[in-house]
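# Close look at the chain arrangement
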Amino acid sequence: MAIDPNFEQSRERVGEEDNVAVWGPIDPPEELGIRGTHVAVDFDICLADGACLEDCPVDVFEWVDTPGHPESELKANPTNEDQCIDCMLCVDVCPVDAIDVDPGRENRV
Ligand code: SF4
């Protein structure tokens, strides 16, 4: 299952961690929701492949520890999403379609 690109409508923003928006539902450590707005990563799909960290030309992503999550105990957090240049590389390389990038979402929340 891929990230829902309409998560703004289907989910509720429940807070912020490391300056990154958190979209619920969340029930840690098993359920972590979607992180980010312009660059969004579904933490419940992410399996820590790492291609996005390697390929992003402007280093938007940073690893965050997520011990106890069933898919992986590391996640690619879009900590620097304000630097994104919308090249869509991360969307293309993610093996599980956990990332959605949409500059139209920025500043709408
Ligand atoms: S779209 Fe490009 S610049 Fe933006 S986060 Fe993905 S790889 Fe980085």
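All values reported here derive from a predicted model rather than from experimental measurement.

### Overview of the environment of Cys-52
Along the chain, the position of Cys-52 falls in helix α2 (residues 51-55). Overall, the presence of 22 C-beta atoms within 10 Å leaves Cys-52 in the buried class. Between the C-alpha atom of Cys-52 and that of Asp-100, which follows or precedes it by 48 residues, the distance is 12 Å. Apart from residues lying up to four places away in sequence, Cys-52 is in contact with Phe-61, Ala-76, Cys-90, Val-93, Cys-94 and Ile-99.

### Re the site of the ligand
Neighbouring residues of the ligand: 14 residues in total, closest Cys-56, Val-60, Cys-84, Cys-87 and Cys-90. A breakdown of the residues in the shell around the ligand according to their chemical character gives twelve nonpolar, no polar and two charged.

### Some details on the sheet that holds strand β2 (residues 20-23)
In a beta sheet, neighbouring strands are held together by backbone hydrogen bonds and run either parallel or antiparallel to one another. With antiparallel pairing, five strands are arranged side by side in an open sheet as β1-β2-β3-β4-β7. The two strands at the open ends of the sheet, each matched to only one other strand, are β1 (13-17) and β7 (99-101). Bridge count between β1 and β2: four bridges; the pairing is antiparallel. Directly across from Arg-13, in β2, lies its bridge partner Trp-23.

### Describing unusual backbone geometry
Glycine aside, residues mostly have negative phi angles, and peptide bonds mostly take the trans form. Put simply, Gly-24 and Pro-25 share a cis peptide bond, and its omega is 5°. Looking at the secondary structure, you find Pro-25 in the loop between β2 and β3 (34-35). Of the consecutive residues Pro-28 and Pro-29, the connecting peptide bond is found in the cis state with omega at 5°. If you trace the backbone, Pro-29 turns up in the loop between β2 and β3. Notably, Asp-18 is not glycine yet its phi reads approximately 55°, a positive angle. In this structure, Asp-18 sits in the loop between β1 and β2. Given 11 C-beta atoms within a 10 Å radius, Asp-18 is considered exposed.

### Side note on the UniProt feature "binding site: [4Fe-4S] cluster" (unreviewed entry) in the protein chain
Sequence positions flagged by UniProt for "binding site: [4Fe-4S] cluster" (unreviewed entry) are, in local numbering, Cys-56, Cys-84, Cys-87 and Cys-90. Spanning 35 residues, the annotated positions come together in the fold, the maximum distance between their C-alpha atoms being 10.5 Å. For Cys-56, a count of 22 C-beta atoms within 10 Å corresponds to the buried category. When sequence neighbours within four positions are dropped, the list of residues in contact with Cys-56 reads Phe-61, Leu-89 and Cys-90. Tracing the backbone through its elements, the reader meets Cys-90 in helix α3 (residues 89-93). Setting aside residues no more than four positions away along its own chain, Cys-90 makes contact with Cys-52, Asp-55, Cys-56, Ile-99 and Val-101.

### Observations regarding the pairing of β2
The hairpin turn running from β1 into β2, its antiparallel successor, is two residues long, and Asp-18 in that turn takes a positive phi close to 55°. As paired strands, β2 and β3 are joined by two bridges and run antiparallel to one another. Looking at the pairing, Trp-23 lines up with Ile-34 of β3.

Conventions used here
- Residues numbered from 1 in each chain as written.
- Predicted model: local features only at pLDDT ≥ 70, side-chain atom pairs only at ≥ 80, totals over all residues.
- Helix = DSSP H or I, 4+ residues; strand = E, 2+ residues; numbered from the N terminus.
- Buried ≥ 20, exposed ≤ 12 C-beta atoms within 10 Å, placed from the backbone.
- Contact = placed C-beta atoms within 7 Å.
- Near = placed C-beta within 6 Å.
- Nonpolar A, V, L, I, M, F, W, Y, C, P; charged D, E, K, R; others polar.
- Pairing = 2+ DSSP bridges.
- UniProt positions renumbered as here; feature names shortened; annotations may be inferred.

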